Amino acid sequence: MKNNYYAQKLNSQNLFKVYETKIPRVKQYLDAEISFVRDNLTGSERVLELGAGYGRIVKELAGNCKSIVGIDISDESVSLSKEYLKDSPNAKIMTMDVKNITLEEKFDVILCLQNGLSAMKVTYPDFIEKILGMVVGGGKVYFSTYSEKFWEYRLIWFKEQAEKGLLGELDLDKTKDGVIICKDGFKAITHTPKDLKIIGDLSGYEYQIQEVDESSVFLIIHKK
């Protein structure tokens, strides 16, 4: 955990500041991701979010499901979540590394949103098998990454974060082809639709790949 950028730097109040963006197109992207998931919930689901941070998405979805649990690698983000989620009694976040999940409960929906696969640096197919093992029959897993059409705005957003001191200065010579690299060593990749198809095929279940708002690309795996 000590080498995880999200545990050391992009946590707690710093992570909160990431989403205090002044870029309208980025706000639209963030809202569109949540709206897409919300529109596919019935209100009866038990939901798990991987890499939940301080609970930004958890709070938005708490009123649209039976319960929602988030896990995050950062103790500081989880501490912040207690105040942030105080008015959402069916929501909670706990400190846990996604690579070493110890939850015994099964869920109707599992979420790994906002390019979470990049941050988690997981290996396949073991990770996919583990996650699908935590979903009930008939449940769904949602993974999302950035659309290629969002690259321009993503770059502007990361520059904004660097100016706030949340990230190191962007290395513009190396930042290209969907990969953002900062001079302090931070690296954020993107999964292409082809990558998502490979993950979907590895799952062994029916899946779909859908672009949302020209911002995100979702892989939705249906566990039959």
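Residues numbered from 1 in each chain as written. Predicted model: local features only at pLDDT ≥ 70, side-chain atom pairs only at ≥ 80, totals over all residues. Heavy atoms only, no water.

### Things to note about the overall build of the chain
In step 1: What the chain contains, in helices and strands, is 9 helices and 9 strands.
In step 2: Rg of the C-alpha trace for the chain: 17 Å, near the compact-globule value of 17 Å for 224 residues, within the 12% margin.
In step 3: Counting only C-alpha atoms and orienting by the principal axes, one finds that the chain spans roughly 45 × 40 × 35 Å.
In step 4: Classification of the 224 residues of the chain by burial places 53% in the buried group.
In step 5: Nonlocal contacts in the chain, meaning residues at least 24 apart in sequence, comprise 63% of its contacts between residues at least 6 apart.
In step 6: The averaged location of the 33 negative side-chain charges in the chain is 2 Å from the averaged location of its 31 positive side-chain charges. (Helix = DSSP H or I, 4+ residues; strand = E, 2+ residues; numbered from the N terminus. Rg over C-alpha atoms; globule rule 2.2 N^0.38 Å. Buried < 20%, exposed > 50% of the residue type's maximum accessible area, 1.4 Å probe, protein only. Contact = heavy atoms within 4.5 Å. Lys, Arg positive; Asp, Glu negative; His and termini not counted. Charge placed at Lys NZ, Arg CZ, Asp CG, Glu CD.)

### Brief notes about the pattern of salt bridges
Oppositely charged side chains are able to pair whenever their charged atoms sit close together.
In step 1: In total, this model carries 7 salt bridges according to the counting rule given.
In step 2: When the shortest N-O distance is used, the salt bridge between Asp108 and Arg46 registers 3.1 Å. Highlighted residues: Asp108 in strand β4 (residues 107-112) and Arg46 in strand β1 (residues 46-50), separated in sequence by 62 residues.
In step 3: The class of Arg46 is partly exposed, set by a relative accessible area of 28%.
In step 4: Here Asp201 ties to Lys197 by a salt bridge, and the two come within 3.1 Å at their closest N and O atoms. In this pair, Asp201 and Lys197 are both assigned in helix α9 (residues 193-203), 4 residues apart and thus about one turn of the helix distant. (Salt bridge = Lys/Arg side-chain N within 4 Å of Asp/Glu carboxyl O.)

### Some remarks on the pairing of β4
In step 1: The element β4 is largely enclosed, with a buried count of 6 among its 6 residues.
In step 2: Direction of pairing for β1 relative to β4: parallel, over a ladder of 3 bridges. Across the sheet, residue Glu49 finds its bridge partner in β4, namely Leu111. (Pairing = 2+ DSSP bridges.)

### Quick word on the environment of Lys224
In step 1: Along the chain, Lys224 falls in the segment after β9 (216-222).
In step 2: Using a relative accessible area of 67% as the deciding quantity, one classes Lys224 as exposed.
In step 3: Taking the C-alpha atoms as reference, Lys224 lies 34 Å from Lys27; in sequence the two are 197 residues apart.
In step 4: Setting aside chain neighbours within four positions, we find Lys224 in contact with Gly138, Tyr205 and Glu206.

### Description of the sheet that holds strand β8 (residues 206-212)
In step 1: Strands sit in the order β3-β2-β1-β4-β5-β9-β8 across an open sheet of 7 strands; the sheet is mixed. At either margin of the open sheet sits one strand with a lone partner, and together these are β3 (91-95) and β8. Along the sheet, successive strands turn relative to each other by an average axial angle of 20°, direction set aside.
In step 2: Relative to β9, helix α3 (residues 24-38) is tilted by about 20°, and along the sheet it contacts β4, β5 (135-146), β8 and β9.
In step 3: Here helix α5 (residues 75-84) sits on the sheet and contacts β2 (67-72) and β3; the angle it forms with β3, its principal contact strand, is near 160°. (Axes fitted to C-alpha atoms, helices over the stretch in contact; angles between N-to-C directions.)

### Some details on the pairing of β1
In step 1: Within β1, 4 of the 5 residues are buried, which leaves it mostly tucked inside the rest of the structure.
In step 2: Here 5 bridges tie β1 to β2, and the two strands are oriented parallel to one another. Looking at the pairing, Val47 lines up with Ile68 of β2.
In step 3: This β-α-β element, β1 to helix α4 (residues 56-61) to β2, shows right-handed connectivity. (Right-handed = clockwise from strand over helix to strand, strands pointing away.)

### Examining the side chain of Ser216
In step 1: As for its placement among the helices and strands, Ser216 is situated in strand β9.
In step 2: With a relative accessible area of 1%, Ser216 lands in the buried category.
In step 3: One polar contact links Ser216 to Glu33, side chain to side chain, over a distance of 3.1 Å.
In step 4: In contact with Ser216, not counting residues within four places along its chain, are Tyr29, Glu33, Thr145, Tyr146, Ser147, Gln210 and Glu211. (Polar contact = N/O pair within 3.5 Å; in protein donor to acceptor, adjacent residues only side chain to side chain.)

The analysis is restricted to geometry; functional conclusions fall outside its scope.
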